[in-house]
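Observations on chain architecture
Now for the letters of each chain:
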Protein chains: 2
Amino acid sequence: MSAEFDRFREQYKQTLTSGLFVIDRVVSYLCRSHGKGLRPVLALLCARLGDNGVSDSAIKAAVIVELLHEATLVHDDVVDESAQRRGFPSLSSRFKNKVSVLFGDYMLASVLSETLEARDLKWLDILAETSRRLAKGELVQAARARKLDMDETDYLTMIGDKTAALFNASCRLGGLTGGLADPQIAALGIYGENLGIAFQIKDDMLDLFGNGARLGKPTGGDLKERKLTLPLLSALSKVNKREARRIKARIKRGVKRPEIKMITNFIQDNGGDVYATEVMNKHASEAVRALEALPETPIRTKLEELGEFVVKRGK
Amino acid sequence: MSAEFDRFREQYKQTLTSGLFVIDRVVSYLCRSHGKGLRPVLALLCARLGDNGVSDSAIKAAVIVELLHEATLVHDDVVDESAQRRGFPSLSSRFKNKVSVLFGDYMLASVLSETLEARDLKWLDILAETSRRLAKGELVQAARARKLDMDETDYLTMIGDKTAALFNASCRLGGLTGGLADPQIAALGIYGENLGIAFQIKDDMLDLFGNGARLGKPTGGDLKERKLTLPLLSALSKVNKREARRIKARIKRGVKRPEIKMITNFIQDNGGDVYATEVMNKHASEAVRALEALPETPIRTKLEELGEFVVKRGK
């Protein structure tokens, strides 16, 4: 996949580059660092399942899903930035906020232009559905974090929207460019959706129980941002209401290192980590099961292995 | 137009309403107040130029352009909010920032869904081009404001992107739903583009020389935000480099009431207001001239009158 991934990277940068200094300065900054590239990998793998293989269209699909993902991150950073400098924003941090919002919008506009180049309403349907789910998931997360009222169902809907929707779209767009039949594309969507949910549960578990050094960031970030995730929600549902209220009140006041340790102990004492692992594994299995609709090929095996990787990874 | 405008208003709110409390709370807030509705009016008038008149599609076009406009405003507010609370952001202002960014994204996603309902790639082409120009115009404005380096050509390109693009799109989408021929739709695009430029120059002049009470906000806001607009750019080009540098340095340090008066005097002493008025009128005339491609009907007269309104308005 490495040659194809390089083609994707190059195309990605080229899509954003505008010839305008204002924009290209930010593009260079953005392209200096990049994540695991899971979404483009999914699109490229799913394309390879079909007769067309990794065509220019497949590369475009990979670019589109990564652009959409990065645009979300850029807008997320607006919020995180102000948290880091709480109470003392410098003028430069204000400027960055402004540029982040506007640059995120520029990326979203680029996603639309790129998608439109396929001249296929199917692509646009996937994009529209995914954009709406992403925005809804992020909004719900922001609002719930303030109120701390969320149950397991809300949580699963929310991570479905904010994370799994784009995994789902990556797989379907890739399959579409590969030339797969509609039922196979639908199966890839189910694979992507469940993989995405397992991925996000794992992410949330790493934030509570992971190795900060390996993750490259301190654990407990979600608790600091008052985000309730599955292990904690499960533990809260196991104790009496007074105990649950006490823990929530703690989180609402804002937690630091010692309280974080106290809360992760509380979760483990009430089996929240075990329960979340079960739910995660269930979704990873459902992802792999959805692949049965596809012929047994080495690429299908790779997708199955991705299901394992997602739940076993340490970062 | 009033019945049609009411249909538009209703449809607008309905499009954003989601059934999710988190979202609908913001929608209610947003729909409490609204602007002049110039963009939907343009779309509806242009639709009435054709045989189809104001169909459901025309209402949809009006909704789309207003949604796109409001999404831009919501994201603009993120920046303005932090300016108002400079140095002392409350938690509630942070939360609002977060919701503003995410809600703007939700609106952009809704724009795409609505546009897609027309099942017509022409609509999507207009949307993609407009979104990209909007984002580019806003980014350039933000970056130039920091550096204070801009000339008249940069200014005209920038306001073309950030303002005229959407006027242009409103007219073309309206004409498209009305059933006009391609050359007529192109003429409406030229009308909208020039009208938008004239509109923005007028906006910028009102910010310098308007009546604050009538405008409902203090004048001089652009200078405070270090935005150089046409009257000032023209005046700066008339004086020697040292004088121009001195004025720019003043603006860079941040201006308050007394400096604003000093700068507006400087502009008037160097004929910047007269020059900007000339450029504005030239674009308003070009807008009206573009309408000659269309049959002389009462609706065409209304569009001509809009050209006059845009340059004569006091708010």
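Being a predicted model, the structure only gives us computed values, none of them experimental. (Residues numbered from 1 in each chain as written. Chains lettered and ligands numbered in written order. Predicted model: local features only at pLDDT ≥ 70, side-chain atom pairs only at ≥ 80, totals over all residues.)

Focus: the overall build of chain A
Across its full length, chain A carries 15 helices and zero strands. Along the first, second and third principal axes, the C-alpha atoms of chain A reach 60 × 50 × 35 Å. Residue burial in chain A is summarised as follows: out of 315 residues, 50% are buried. (Helix = DSSP H or I, 4+ residues; strand = E, 2+ residues; numbered from the N terminus. Buried ≥ 20, exposed ≤ 12 C-beta atoms within 10 Å, placed from the backbone.)

Side note on the packing of helix α14 (residues 272-290) of chain B against helix α15 (residues 298-312) of chain B
Helix packing for two helices is described by the angle between their axes and how far apart those axes are. All names here are of chain B. It is at 9 Å that the axes of α14 and α15 come closest, and there the two elements cross at 170 degrees. Classified by the interaxial angle, the pair formed by α14 and α15 is roughly antiparallel. On the side of α14, the interface is formed by Met280, Asn281, Ala284, Ala287 and Val288, while α15 contributes Glu304, Gly307, Val310 and Val311. Class assignment of the residues belonging to the contact of α14 with α15 gives a composition of six nonpolar, two polar and one charged. (Axes fitted to C-alpha atoms, helices over the stretch in contact; angles between N-to-C directions. Parallel < 35°, antiparallel > 145°, perpendicular 65-115°, else oblique. Contact = placed C-beta atoms within 7 Å. Nonpolar A, V, L, I, M, F, W, Y, C, P; charged D, E, K, R; others polar.)

Quick notes on the interface of chain B and chain A
Many authors give the size of an interface as the accessible area that is lost as the parts come together. The partner chain A presents 40 residues to the 40 residues of chain B that form the contact. Mapped by element, the contributors of at least two residues to the side of chain B that touches chain A are α2 (21-32), α4 (56-84), α5 (91-116) and α6 (121-147) of chain B. Sorting elements by how many residues they give to the side of chain B that touches chain A places α5(B) first, with 16 residues.

Concerning the nonpolar core
Counting 190 residues, the largest nonpolar core has Ala43(A), Leu139(A), Ala43(B) and Leu139(B) as the members making the most contacts within it. In contact with Ala43(A), not counting residues within four places along its chain, are Ala58(A), Ala61(A), Ala62(A), Val65(A), Ser170(A), Leu173(A) and Gly174(A). (Core = buried A, V, L, I, M, F, W, Y, C linked by C-beta atoms within 7 Å.)

Describing the relation of the copies chain B and chain A
For the match of chain B to chain A, the screw axis carries a shift of 0.0 Å, the RMSD comes to 0.0 Å, and the turn is 180 degrees. Here the two chains are linked by the operation of a two-fold rotation axis. The overlap is high: 100% of the interface residues of chain B also sit at the interface in chain A, so the same surface is used on both sides. (Least-squares fit on C-alpha atoms with pLDDT ≥ 70 in both.)

A few points about the environment of Pro40(B)
Residues and elements named next belong to chain B. Tracing the chain through its elements places proline 40 in helix α3 (residues 38-48). Owing to 29 C-beta atoms within 10 Å, proline 40 belongs among the buried residues under this scheme. C-alpha of proline 40 to C-alpha of glycine 174: the two residues are 134 residues apart in sequence and 8.7 Å apart in space. Once you skip the residues sitting within four places of it in the chain, proline 40 turns out to touch Phe8, Ala62, Val65 and Glu66.

Fair warning: the whole summary comes from geometry, so function is off the table for now.
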